[in-house]
Amino acid sequence: MLQTFLPSIVLVVVSWLSFLISLDAVPARAAVVMTCLLTLISMFSSVRQSTPNVSYVKAMDIWMVVCVFFVFSTLLEFTVALKIRAKKLKPKVQTKNLLIIEDSEIGKTKLEGGPSFGKNIPPGQPSPSDSRSKNEEIVQKLEFISSIGIPALFLLFNIIFWPWLIIGSQYNSHIDDTTRIDTEKVELFTNNNNNKFD
């Protein structure tokens, strides 16, 4: 049991260390999470082969599936953060209150009353720095929430799982003890009855 539970906890925690690696280091971060995920899947298959086949779900199966899920959620968060970071914001064109004025001295048309976007940017389009800063802000919030939320959910799962496992095993041992006592009573009763007839 310790050969499975302890290493799987360590692998899940190591996958969280990827939150400390910058999003710019894509190969390093992906390698950490993928290594943890593949190791857990390999461990899960070896545990399944070493335990007897039964028709019900075992606590070990639940544990391993949840550990794989948490490592996969770390990988999923990383993928979503990269996608948001690479995404360009769609321009929001403001057409209200624009006034087109002919400049007689230059002979060109200019827009007035619109938002100020900078010197070389046409009206109605956000500057690249604006879209990058908004995307970076979203990614930073996602990273922060995930770096706290995923470990907190795993801790919550452990708070629920371990008491359930311990109480369940005590209940099963109580049933085994009761069955053993009942079997001993039946054997004692049978032996006493057989002695009366001899």
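Source: prediction; values computed, not measured. (Residues numbered from 1 in each chain as written. Predicted model: local features only at pLDDT ≥ 70, side-chain atom pairs only at ≥ 80, totals over all residues. Heavy atoms only, no water.)

Asks: Help me understand the overall build of the chain in this model?
Replies: Counting its regular elements, the chain contains four helices and two strands. The order of α-helices and β-strands along the chain, N terminus first, is α-α-α-β-β-α. Out of the 198 residues belonging to the chain, those deemed buried represent 25%. The contacts of the chain with a sequence gap of at least 6 include a subset with a gap of at least 24, amounting to 69%. Of the roughly 14,300 Å² of accessible surface on the chain, a fraction of 64% belongs to carbon and sulfur atoms. (Helix = DSSP H or I, 4+ residues; strand = E, 2+ residues; numbered from the N terminus. Buried < 20%, exposed > 50% of the residue type's maximum accessible area, 1.4 Å probe, protein only. Contact = heavy atoms within 4.5 Å. Areas by Shrake-Rupley, 256 points an atom, 1.4 Å probe, with all protein chains shown as cover.)

Asks: Help me understand the confidence of the model for the chain in this model?
Replies: Any region with low pLDDT has predicted coordinates that should not be read closely. For the chain, per-residue confidence averages 77 on the pLDDT scale, and 63% of positions sit at 70 or higher. Confidence, read as mean pLDDT per element, is least for strand β1 (residues 99–103) in the chain (49) and greatest for helix α3 (residues 59–86) (93). Taken as a whole, residues 116–121 scores under 50 in pLDDT and shows seven contacts with residues more than four places along the chain or in a different chain. (pLDDT = per-residue confidence, 0-100.)

Asks: Even after reading the chapter, I still don't get the pattern of salt bridges, so can you show me in this structure?
Replies: Side chains bearing opposite charge may pair, as long as their charged atoms lie close to each other. Per the stated rule, a full pass over the model turns up seven salt bridges. Each of D24, R85 and E136 takes part in one network of salt bridges that share partners. (Salt bridge = Lys/Arg side-chain N within 4 Å of Asp/Glu carboxyl O.)

Asks: Help me out: how do you make sense of the nonpolar core in this one?
Replies: When a protein is soluble and globular, its nonpolar side chains tend to lie buried together. V12, L40, W63, V71, F154 and F161 are the most contacted members of the largest nonpolar core, which has 26 residues in total. Every element with two or more residues in this core is listed here: α1 (2–16), α2 (26–50), α3 and α4 (128–197). Per-element accounting of this core gives the leading share, ten residues, to α3. Setting aside its immediate chain neighbours within four residues, F161 contacts F5, A59, I62 and W63. (Core = buried A, V, L, I, M, F, W, Y, C linked by side-chain atoms within 4.5 Å.)

Asks: Quick question: what am I supposed to make of the side chain of E143 here?
Replies: Within the secondary structure, E143 sits in helix α4. Side-chain polar atoms of E143 contact the side chain of R29, separated by 3.0 Å. Leave out the neighbours within four places in its chain, and E143 touches F19, L23, R29, E77 and A81. (Polar contact = N/O pair within 3.5 Å; in protein donor to acceptor, adjacent residues only side chain to side chain.)

Asks: Would you take a moment to explain α2 for this structure?
Replies: In an α-helix, one full turn covers 3.6 residues, which means residues spaced three or four apart are oriented alike. The end-to-end C-alpha separation of α2 is 36 Å, in line with the 36 Å expected for 25 residues at 1.5 Å each. Among the residues of α2, R29, V33, C36, L37, L40, M43 and V47 are the ones counted as buried. (Expected span 1.5 Å × (residues − 1).)

Asks: Looking at this model, I keep getting lost on the packing of aromatic side chains. Mind explaining?
Replies: Two measures describe an aromatic ring pair: the distance that separates the ring centres and the angle between the ring planes. Considering all chains together, one arrives at 14 aromatic pairs under this definition. Both rings, one in F5 and one in F161, keep their centres 6.4 Å apart while their planes meet at 55°; by these two values the pair is tilted. You can see F5 sitting in helix α1 and its partner F161 sitting in helix α4, a full 156 residues away along the chain. Of the two residues, F5 and F161, neither departs from the other in class, the shared state being buried. Ring geometry for F5 versus W162: centroids 4.9 Å apart, planes at 65°, classification edge-to-face. Here F5 is found in helix α1, whereas its partner W162 is found in helix α4, with 157 residues between them in sequence. Residue classification places F5 among the buried positions, given a relative accessible area of 5%. One aromatic cluster in this structure is built from F5, W16, W63, F69, F70, F154, F157, F161, W162 and W164. (Phe/Tyr/Trp six-rings, centres within 6.5 Å; stacked < 30°, edge-to-face > 60°.)

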